[in-house]
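What follows is the residue order along each chain.
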Amino acid sequence: MPAFCVHSATRHSKSPMSQIQEAALLQALQQVIDPNTGRDFVSTKQLRQLKVQGDAVSFEIELGYPAASQIDALRAALVEAARAVPGVGNVSVGVTTRITAHAVQRGVQLLPGVKNIIAVASGKGGVGKSTTAANLALALSAEGATVGLLDADIYGPSLPLMLGVSGRPESTDGQTMEPLESHGLQLMSIGFLVEDDQAMVWRGPMATQALEQLLRQTRWRDLDYLVIDMPPGTGDIQLTLSQRVPVSGSIIVTTPQDIALIDAKKGLKMFEKVGVPILGIVENMAIHICSNCGHAEHIFGSGGGQRMADQYSQELLGSLPLALSIREQADSGKPTVVAEPDGVHAQAYKQIARKVAVKLAGQAKDYSSKFPTITISKNT
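Novice: I keep staring at the pairing of strand 3 (residues 47-53) and nothing clicks. Help me out?
Specialist: A regular strand carries its side chains on alternate faces of the sheet. As judged from the five bridges shared by strand 3 and strand 4 (residues 56-63), these two strands associate in the antiparallel manner. Each residue of the ladder has a partner; that of Leu 47, found in strand 4, is Ile 61. Hairpin connection, strand 3 to strand 4: the antiparallel pair is bridged by two residues, and Gly 54 has positive phi, about 65°.

Novice: Quick question: what am I supposed to make of helix 11 (residues 344-361) here?
Specialist: For an α-helix, the turn length of 3.6 residues means that residues three or four places apart are oriented alike. Taking 1.5 Å of rise per residue, the 18 residues of helix 11 would be expected to cover 26 Å, and the 26 Å separating its terminal C-alpha atoms lies within 8% of that figure. Of all the residues in helix 11, the buried ones are Ala 346, Tyr 349, Lys 350, Ile 352, Ala 353, Arg 354, Val 356, Ala 357, Val 358 and Leu 360.

Novice: Got a minute to help me understand the confidence of the model for the protein chain in this structure?
Specialist: Detailed reading of the predicted coordinates is not advisable wherever pLDDT falls low. Of all residues in the protein chain, 89% attain a pLDDT of 70 or more, and the chain-wide mean is 86. Here residues 7-18 scores under 50 on pLDDT; set against residues more than four positions off or in separate chains, the count is 17 contacts.

Novice: For this particular structure, what's the right way to read the nonpolar core?
Specialist: Generally speaking, soluble globular proteins have nonpolar side chains that are buried together. In terms of nonpolar packing, the biggest core is built from 104 residues, with Phe 59, Leu 149, Leu 163, Leu 226 and Ile 228 touching the most fellow members. Beyond its immediate chain neighbours, meaning those up to four positions away, Phe 59 contacts Leu 29, Leu 47, Arg 48, Gln 49, Leu 50, Leu 78, Ala 82, Val 91, Ser 92, Val 93 and Gly 94.

Novice: Could you clarify how one ought to interpret helix 3 (residues 129-142) in this entry?
Specialist: With 14 residues, helix 3 should cover 20 Å at 1.5 Å per step; its first-to-last C-alpha distance of 20 Å lies within 8% of that length. Here helix 3 lies mainly inside the structure; twelve of its 14 residues are buried. Of the residues one or two after helix 3, Gly 144 is the one with positive phi, at around 110°.

Novice: I would appreciate a short explanation of the environment of Val 108 in the present structure.
Specialist: Secondary-structure assignment places Val 108 in the loop between strand 5 (91-97) and strand 6 (114-121). Residues Val 108 and Gln 243, spaced 135 residues apart in sequence, show a C-alpha to C-alpha distance of 8.1 Å. Leaving out residues up to four positions away in the same chain, Val 108 has contacts with Gln 243, Arg 244, Val 245 and Pro 246.

Novice: Whenever I open this one, the packing of helix 3 against helix 11 confuses me. Can you help?
Specialist: A pair of packed helices is characterised by two quantities: the angle between their axes and the separation of those axes. Orientation of helix 3 relative to helix 11, taken along the N-to-C sense of each, is 75°, at an axis distance of 8 Å. As far as their axial angle goes, helix 11 and helix 3 are roughly perpendicular. On helix 11, the residues that touch Thr 131, Thr 132, Asn 135, Leu 136, Ala 139, Leu 140 and Ala 142 of helix 3 are Tyr 349, Lys 350, Ala 353, Val 356 and Ala 357. Along the lines of polarity and charge, the residues of the contact of helix 3 with helix 11 split into eight nonpolar, three polar and one charged.

Rules of the game
Residues numbered from 1 in each chain as written. Predicted model: local features only at pLDDT ≥ 70, side-chain atom pairs only at ≥ 80, totals over all residues. Heavy atoms only, no water. Pairing = 2+ DSSP bridges. Helix = DSSP H or I, 4+ residues; strand = E, 2+ residues; numbered from the N terminus. Expected span 1.5 Å × (residues − 1). Buried < 20%, exposed > 50% of the residue type's maximum accessible area, 1.4 Å probe, protein only. pLDDT = per-residue confidence, 0-100. Contact = heavy atoms within 4.5 Å. Core = buried A, V, L, I, M, F, W, Y, C linked by side-chain atoms within 4.5 Å. Axes fitted to C-alpha atoms, helices over the stretch in contact; angles between N-to-C directions. Parallel < 35°, antiparallel > 145°, perpendicular 65-115°, else oblique. Nonpolar A, V, L, I, M, F, W, Y, C, P; charged D, E, K, R; others polar.

Below is the structure:
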């Protein structure tokens with residue numbers, strides 16, 4: 001976990017409290033750098049409610065992304081910086097997170113109960129997209145966000161097995177469905193509505209309609225993020241999602257292999273054409289470490305994800321290994337982030353999740369809910 005940086009400062013002896021100057025405090029606090037953004041909290045106006053009473057100093061920091069695992073380190077760094085100012089005694093720091101809705105495609109309305117939708121996509125199957133989506137959702141939840149996960153693969157749903165969930169969604173009003181829950185996530189999948197061995201022999205329009213019903217008729221409850229595990233390809237379902245669903249940002253999952261990269265690039269271009277921001281690229285199965293001898297081998301090639309990121313001026317969010325434990329944990333219903341939350345693989349997923357949340361926080365906000373409703377009447 002990255003430490004919050006504090007530039008070196010000399011501790012001075014205490015002086016009369018009347019000499020504590022707000023400017024000196026702000027200058028000291030400006031030396032604390034957020035490792036997630038590379039910026040300080042003063043110039044970004046995240047520092048709020050600065051108060052000086054005698055030798056006591058109090059203030060708040062508001063983050064635009066979930067960072068529960070980093071709050072203690074952040075608070076300690078800010079306290080240390082404030083105490084370096086002459087005359088400062090007690091320091092009280094409150095750190096809060098406020099996740100807001102961000103802009104989506106032009107002309108598309110936000111989904112009730114959902115602030116941000118993140119689409120996890122790939123051009124082809126078999127690259128570990130669903131595993132990545134599940135662990136990304138769990139990582140965002142572990143950092144303190146309220147998260148949902150929608151399995152958008154009508155023909156091959158994997159979410160029920162991967163999250164260890166079974167049963168049918170309930171309905172309290174006969175019109176909407178309650179999401180199922182597992183590991184703190186709100187979940188929905190066609191797999192909850194059909195038998196495990198039932199094949200969905202549907203043409204594109206039927207599958208597209210079913211997906212829209214799953215999305216819009218689920219009673220999502222105050223989600224900060226809804227992660228959508230997209231089906232592979234760029235066909236009807238993918239196009240419908242990217243055009244008619246309010247997506248705040250997308251993530252492209254690929255392996256380093258050239259044949260996977262070719263299709264991943266098609267998925268990236270699809271999002272570009274419909275105006276969905278691309279948050280970055282995740283390279284899966286980047287390297288395999290032999291469990292017996294420790295030999296490292298790039299089974300699917302090396303550097304493919306970075307080359308794609310460079311080609312399209314995107315960020316490589318992270319590279320994940322081809323590891324037996326990741327597959328076993330997903331098949332057991334406990335993906336890596338919950339199975340081994342402190343393990344090296346879980347930390348890699350959490351780092352990717354933080355990057356995604358930070359990038360999303362830096363995008364334009366959605367103000368559609370702020371606009372007044374205009375009505376026209378003959379009597380006015």
